[in-house]
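One-letter residues, chain by chain:
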Amino acid sequence: MRFAHEQSEKGLLNVDTIYLLPGEERCVDFRDANGVPKVHYTYCSIRGKLFNCTCCTKAEAQRLCEDWLVKQDRCYIN
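Keep in mind that this is a model prediction, so the values were computed, not measured. (Residues numbered from 1 in each chain as written. Predicted model: local features only at pLDDT ≥ 70, side-chain atom pairs only at ≥ 80, totals over all residues. Heavy atoms only, no water.)

S.K.: Kindly report on the pattern of salt bridges, identifying the contributing residues and their values.
M.R.: In this structure the tally under the stated criterion is three salt bridges. With a closest N to O distance of 3.9 Å, Glu-25 and Lys-58 form a salt bridge. You can see Glu-25 sitting in strand S1 (residues 25-31) and its partner Lys-58 sitting in helix H2 (residues 58-77), a full 33 residues away along the chain. With its nearest N and O atoms 3.6 Å apart, the salt bridge here joins Arg-63 to Asp-67. With a gap of four residues between them, Arg-63 and Asp-67 both fall in helix H2, about one helical turn apart. (Salt bridge = Lys/Arg side-chain N within 4 Å of Asp/Glu carboxyl O. Helix = DSSP H or I, 4+ residues; strand = E, 2+ residues; numbered from the N terminus.)

Set out below in structure tokens:
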């Protein structure tokens, strides 16, 4: 038998809440609906902006993040 508070705690654990400090990254491996392996990549920039993407590999996600970071730096320079 489960109590109501145990059910709600379990539900809360399934929520994708992300807490990253500036400069931190998170990479989660998963399989899509067709069984294809993918990664969900999240990065918090030094200025606190979040980058999120879903790619086939971590290397691809990091490359996209680096491109995004370059664009972010251009926005602050201009």
